[in-house]
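Working through the structure, step by step
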Amino acid sequence: MITASGLSRTFKVKDGLVHAVRSLDLDVAEGEFVAFLGPNGAGKSTSLRMLTTLLPPTSGRASVVGRDIRTDAVEIRKNIGYIGQGNGSGNEIRVVDELTSHARYYGMSRRAARARAHELIGAMGLKGMEKRVAERLSGGQRRRVDIALGLMHSPRLLFLDEPSSGLDPHNRAMVWEHIRGLHRDGMTMFLTTHYLDEADRLADRVIVVDQGRVIADDTPERLKADQAGDLITFTTEHDADAVLVAHHAERVTTRERVTVDGRQIRVRVAHGDELLPAFLRHLDALEIKVRGVTLDRPTLDDVFLSITGRSLEEADAQ
Ligand SMILES: Nc1ncnc2c1ncn2[C@@H]1O[C@H](COP(=O)(O)OP(=O)(O)OP(=O)(O)O)[C@@H](O)[C@H]1O
């Protein structure tokens, strides 16, 4: 559905060059749900704009729905939907008319276009807003009109750039419910999001980018198990016991994955739930006293932290 090889984009700025995307390789199969994650400025939107034929690459190649992005933009645009960051829908046209004329552009009959517009108005929780002009909607309502616009022609492949930004939790859940349904019916999804929990829950595959490069690409489960692991936190009665727990923990994982802070020992380890009972029995047999223990499952932010040494939330704040 999407392949890219060495796809790159450089921008000229006053004081030099910005390498927004550096040699992106991608292979997305039909029916996949891929989340593209990374901090602000990592190159996500630039990648999406190249793949949707809105921006020519500086070098490299890509094909989308089997067509070359450099030579076949018209065919690609017919088959894909693109929901960018703050799309159109900022003009003096009624919501229902904007949706209908968008679909007409794709060759739908007036009748089919109106029926589809009303279907999506319902699905996006916009009932009652049909006759309002997009300019006078709230940010969250406008965002849902953007999403409906991207879906009007029922594309095979949907690119979503931060689809849920600006939506309250209720509307986020509603939009995702609809997108999940479309994916179940076979639509391929490629999205960027800052909500790591969304990517974790929804995507079959997560591609992590940083400074224009792909730094990880796998299922959320494998990324979390391989790159981050569970976090076990032990609390001991005495500082001396903490040192002993840390010593034994280093034997089941590596030294870098064990940190001691007073009487608290943090251990990162894959499959912590399976390891913990035997490890506690082992400590007990050695008469090392543990007062408390907690186990936390890793998040995708832990994955980013483990690969780059900084948290995605911190990286975004920079
Ligand atoms: N038209 C442009 N001219 C110059 N630099 C640009 C242009 N568009 C993007 N950039 C730069 O390219 C880099 C990547 O930007 P991009 O918008 O692709 O990042 P992003 O990962 O989508 O970020 P965000 O999460 O903030 O949306 C940034 O350093 C950005 O400043």
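Residues numbered from 1 in each chain as written. Predicted model: local features only at pLDDT ≥ 70, side-chain atom pairs only at ≥ 80, totals over all residues.

Remarks on the packing of helix α9 (residues 239-252) against helix α10 (residues 272-285)
Contact geometry of α9 with α10 gives a least axis separation of 11 Å together with a crossing angle of 140 degrees. Of the possible angle classes, the one that applies to α9 and α10 is oblique. Handedness of the α9/α10 crossing: right-handed. Facing Val245, His248 and Val252 of α9, the residues of α10 in contact are Leu275, Phe279, His282 and Leu283. Looking at the contact of α9 with α10 residue by residue, the classes come out as five nonpolar, two polar and no charged. (Axes fitted to C-alpha atoms, helices over the stretch in contact; angles between N-to-C directions. Helix = DSSP H or I, 4+ residues; strand = E, 2+ residues; numbered from the N terminus. Parallel < 35°, antiparallel > 145°, perpendicular 65-115°, else oblique. Left-handed = near helix turned anticlockwise from the far one by under 90°. Contact = placed C-beta atoms within 7 Å. Nonpolar A, V, L, I, M, F, W, Y, C, P; charged D, E, K, R; others polar.)

A short note on unusual backbone geometry
The phi dihedral of valine 65 is positive, around 45 degrees, even though this residue is not glycine. On the secondary structure map, valine 65 appears in the loop between β4 (59-64) and β5 (67-68). With 18 C-beta atoms packed within 10 Å, valine 65 lands in the partly exposed category. Backbone geometry at glutamine 211 places phi at a positive 50 degrees, although glycine is not the residue there. Within the secondary structure, glutamine 211 sits in the loop between β9 (205-210) and β10 (213-218). (Buried ≥ 20, exposed ≤ 12 C-beta atoms within 10 Å, placed from the backbone.)

As for the site of the ligand
The environment of the ligand is made up of Phe11, Val13, Val18, Ala20, Gly38, Asn40, Gly41, Ala42, Gly43, Lys44, Ser45 and Thr46. Secondary-structure elements contributing two or more residues to the shell around the ligand are β1 (2-13), β2 (16-28) and α1 (44-51). (Near = placed C-beta within 6 Å.)

Some words on the packing of helix α3 (residues 95-105) against helix α4 (residues 110-123)
Running from amino to carboxyl end, α3 crosses α4 at an angle of 130 degrees, the nearest separation of the two axes being 9 Å. The angle between the axes of α3 and α4 places the two elements in the oblique class. Along this stretch, α3 crosses α4, giving a crossing that reads as right-handed. Contacts between α3 and α4 involve Val96, Leu99, Thr100, Ala103 and Arg104 on the former and, on the latter, Arg110, Ala113, Arg114, Arg116, Ala117, Leu120 and Ile121.

Overview of the sheet that holds β5
Across the sheet, four strands lie side by side as β2-β1-β4-β5; this open sheet has antiparallel pairing. Looking at strand neighbours, the two that pair on one side only are β2 and β5, the edges of this open sheet. The pairing of β4 with β5 spans two bridges and is antiparallel. Residue pairing in the sheet places serine 63 in a bridge with aspartate 68 of β5. (Pairing = 2+ DSSP bridges.)

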